[in-house]
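Coordinate analysis (summary)
Chain residues, written in single-letter form:
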Amino acid sequence: MKEVTLEVNGKKVTKQIQDHTLLSTFVRDQLNLTGTHIGCDTSQCGACVVHVDGKSVKSCTLLVADIDGSKVTTIEGLSQNGELHPMQAAFKKHHGLQCGYCTPGMIMSSVDLLQNKKNPSDEEIREWLEGNICRCTGYQNIVAAVKEAAKNS
Amino acid sequence: MKAFNYHSASSVKEATKLASSNSAYLSGGMTMIPSMKMRLANYKDVIDVKKIKDLHGIKVTSKSVVIGAATKHADVANSKEVQKAIPSLSSLASRIGDAQVRNRGTLGGSIANNDPTACYPSACLALNAIIHTSDRKIEAEKFFKGMFETALKKGELITAVEFQIPEKSHYFKFPNPASRYAMVGVYVAKHKSGVHVAITGAQSVVYREKNMEKALNDNFSASALNGISIDTSELNSDIHASAEYRASLILSSAKKAVEHCK
């Protein structure tokens with residue numbers, strides 16, 4: 001067992017973890033932040049994407065022990081004062097989802113894209129989201145949502 | 001995943017001291033953690049090497065680019081210095097896996113793993129790399145031994161990779177659409193001393209296609225590769241591509257790599 005201290009969605013948390021605890025299970029089971037989804041659990045589908053120190057990562061392939069002291073943002077940490085984050089609002093407006101399972105990861109990944117590139121082209125959006133798999137939408141509305149969010153932020 | 005003891009080393013010396021016959025070094029973990037989750041690998045001790053300062057950083061001289069082993073793919077891709085010195089190398093790094101893999105995966109981890117379809121091993125062979133370890137310096141030619149097998153001894157830790165700056169070069173990857181690993185990747189580099197053509201994804205381990213090198217040494221143009229026959233006996237044949245298809249991809253990818261060399 002190890003003690004780790006992280007800042008999760010702006011709040012400091014100190015918890016006991018096992019050395020092999022993964023970030024995806026940590027946020028879901030120990031912090032009850034179940035917005036982060038576990039899809040394939042093999043780092044391919046991207047449903048579990050969160051931000052660690054501002055960069056998007058796949059939380060199912062990350063040891064909590066490895067990121068002691070870091071800042072973590074999950075999908076629950078995006079909205080501020082009850083207002084949806086512009087990326088969440090754009091996904092809602094453009095219906096960038098159907099079943100919604102991939103959506104938290106899609107949104108976290110897309111937010112990171114705009115941190116790297118302010119006005120991405122369709123191709124750049126599709127390329128960046130290669131690690132996020134959606135089996136419902138065919139991606140059209142997701143790309144439209146990311147473009148709208150880029151315009152609004 | 002089976003339980004293990006996690007250690008974070010702060011120096012190369014501390015890391016090698018912690019190493020045992022039942023330990024592994026952890027860098028980005030992009031292959032190692034999934035392998036442990038699938039029970040393909042398991043260790044008593046996992047030694048994280050990312051906090052070792054000596055394993056980070058990019059140094060460019062007139063002849064070489066030296067990249068610390070724990071440098072992430074995203075940092076190589078975005079490095080202005082690498083983009084200027086060896087554009088094919090930063091471009092290769094920018095297309096490994098996906099954005100999240102590039103935010104965690106590292107150069108040292110990739111070559112230590114030596115996946116037969118990984119991109120970086122081809123860069124090492126094409127760019128005459130020297131692999132710096134905790135014990136010695138190893139030429140790339142002698143480093144990649146076989147499928148997932150390298151010249152590293154137990155407990156030996158890669159600290160940096162030194163790439164020779166070529167006159168011009170290009171890496172052309174034909175990625176598997178699902179995994180983005182190379183079904184075939186061809187890295188062509190023209191050095192003063194001669195042309196290197198390194199191929200990944202096609203055999204059990206990265207290799208140099210000497211027939212192509214000979215043709216390109218005589219005439220550095222895509223047309224010089226016309227009529228070169230690729231021996232299919234050693235090529236991978238799997239659900240993604242037959243050996244014959246891979247042979248065809250090697251030739252077309254090599255031509256594209258030569259055409260795009262800069």
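Every value quoted in this text rests on a predicted model; they were computed, and no experiment measured them. Numbering of residues begins from 1 in every chain and follows the order in which that chain's sequence is written. All chains are assigned letters beginning with A, and all ligands numbers beginning with 1, in the order in which they are written. Confidence filtering applies because this is a predicted model: local features only for residues at pLDDT of at least 70, side-chain atom pairs given and counted only at 80 or more, and all residues used for totals across whole chains, interfaces and linings. With hydrogens and water set aside, each side-chain value is computed from the structure's full complement of heavy atoms.

**A few points about the overall build of chain B**
Looking only at helices and strands, chain B features eleven helices and 14 strands. C-alpha extents for chain B along the principal axes are approximately 55 × 45 × 30 Å. Residue exposure (1.4 Å probe, protein chains only): buried if accessible area is under 20% of the type maximum, exposed if over 50%, otherwise partly exposed. Within the span of chain B, comprising 262 residues, buried residues form 57% of the whole. The contact criterion used throughout is that any non-hydrogen atoms of two residues lie within 4.5 Å. Sequence-distant contacts in chain B: of pairs separated by 6 or more residues, those separated by 24 or more amount to 59%. Looking at chain B as shown, the accessible area adds up to about 11300 Å², and 50% of this sits on carbon and sulfur atoms. Helix and strand labels come from DSSP, where a helix needs a run of H or I of at least four residues and a strand needs a run of E of at least two; each type is numbered from the N terminus. In these tables, accessible area is a Shrake-Rupley quantity obtained with a 1.4 Å probe, and a residue counts as shielded only by the protein chains included in the view.

**What about the packing of helix 3 (residues 103-116) of chain A against helix 5 (residues 140-152) of chain A?**
All names here are of chain A. For the pair helix 3 and helix 5, interaxial distance at closest approach is 11 Å and the crossing angle is 45°. The orientation of helix 3 with respect to helix 5, classified from their angle, is oblique. Relative to helix 5, the crossing made by helix 3 is right-handed. The residues of helix 5 that touch helix 3, namely those facing M106, S110, L113 and L114, are I142, V146, A149 and A150. In this classification, Asp, Glu, Lys and Arg are treated as charged, Ala, Val, Leu, Ile, Met, Phe, Trp, Tyr, Cys and Pro as nonpolar, and every other residue, Gly included, as polar. For the contact of helix 3 with helix 5, the per-class residue count stands at seven nonpolar, one polar and no charged. For helices, the fitted axis covers only the stretch in contact; all axes are lines through C-alpha atoms, and the angles between them, taken along N-to-C directions, range from 0 to 180 degrees. Throughout this description, any angle smaller than 35 degrees is read as roughly parallel, any larger than 145 degrees as roughly antiparallel, any in the 65 to 115 degree range as roughly perpendicular, and the remainder as oblique. Crossings are sorted by hand: turned counterclockwise from the far helix by less than a right angle, the near helix makes the crossing left-handed, and turned clockwise it makes it right-handed.

**Notes on the domain arrangement of chain A**
One frequently used descriptor of interface size is the decrease in accessible area upon assembly of the parts. All names here are of chain A. According to the domain assignment, chain A consists of domain 1 (2-77) and domain 2 (86-152). Of the residues lining the interface, 18 residues belong to domain 1; the matching set on domain 2 comes to 15 residues. As a working definition, buried area equals the accessible area (1.4 Å probe) given up by two parts on being put together, with both sides summed. Approximately 1200 Å² of surface area, both sides summed, lies buried where domain 1 meets domain 2, with 56% of it carried by carbon and sulfur atoms. Its largest share of buried area at the contact with domain 2, domain 1 owes to H37, H51 and I75, together 39% of the area lost on that side. We define a salt bridge as a side-chain nitrogen of Lys or Arg found within 4 Å of a carboxyl oxygen belonging to Asp or Glu. Our count for the domain 1 to domain 2 interface comes out at zero salt bridges. Distance and chemistry together define a polar contact, namely a pair of N or O atoms within 3.5 Å, with one atom able to donate a hydrogen and the other to accept it when in protein, and with adjacent residues in sequence counting only for side-chain atoms on both sides. Remark: the boundary between domain 1 and domain 2 carries nine residue pairs in polar contact (both at pLDDT 80 or more). Mapped onto the side of domain 1 that touches domain 2, the elements with two or more residues apiece are strand 3 (49-52) and strand 4 (55-58). Tallied by class, residues from the side of domain 1 that touches domain 2 come to six nonpolar, ten polar and two charged. Either an automatic procedure or a domain database provided the assignment from which the domain bounds are taken.

**Considering the sheet that holds strand 3 (residues 45-48) of chain B**
All names here are of chain B. Two strands form a pair only when DSSP identifies at least two bridges running between them. Strand order across the open sheet formed by three strands is 1-3-2, with parallel pairing between neighbours. Two strands bound the open sheet, and with one partner strand each, they are strand 1 (5-8) and strand 2 (23-26). The average undirected angle you get between the axes of adjacent strands in this sheet is 25°. Note: strand 1 against strand 3, four bridges, orientation parallel. Residue Y6 lies in a different strand from strand 3, and its bridge partner there is V46.

**A look at the side chain of S64 of chain B**
Mapped onto the secondary structure, S64 of chain B falls in strand 5 (residues 64-68). Among residues more than four places away in sequence, those in contact with S64 of chain B are K59, E162, F163 and I165 of chain B.

**Topic: the sheet that holds strand 3 of chain A**
Residue and element names in this part refer to chain A. The strand order across the open sheet formed by five strands is 2-1-5-3-4, and the pairing between neighbours is mixed. The open sheet has two edge strands with one neighbour each: strand 2 (11-17) and strand 4. For this sheet the average axis-to-axis angle between neighbouring strands, irrespective of direction, equals 40°. Two elements, strand 3 and strand 4, share four bridges in a ladder whose sense is antiparallel. Counted as the bridge partner of V50 is V57 from strand 4. Across the sheet, helix 1 (residues 23-30) is in contact with strand 1 (2-8), strand 2 and strand 3; its angle to strand 2 comes to roughly 105°.

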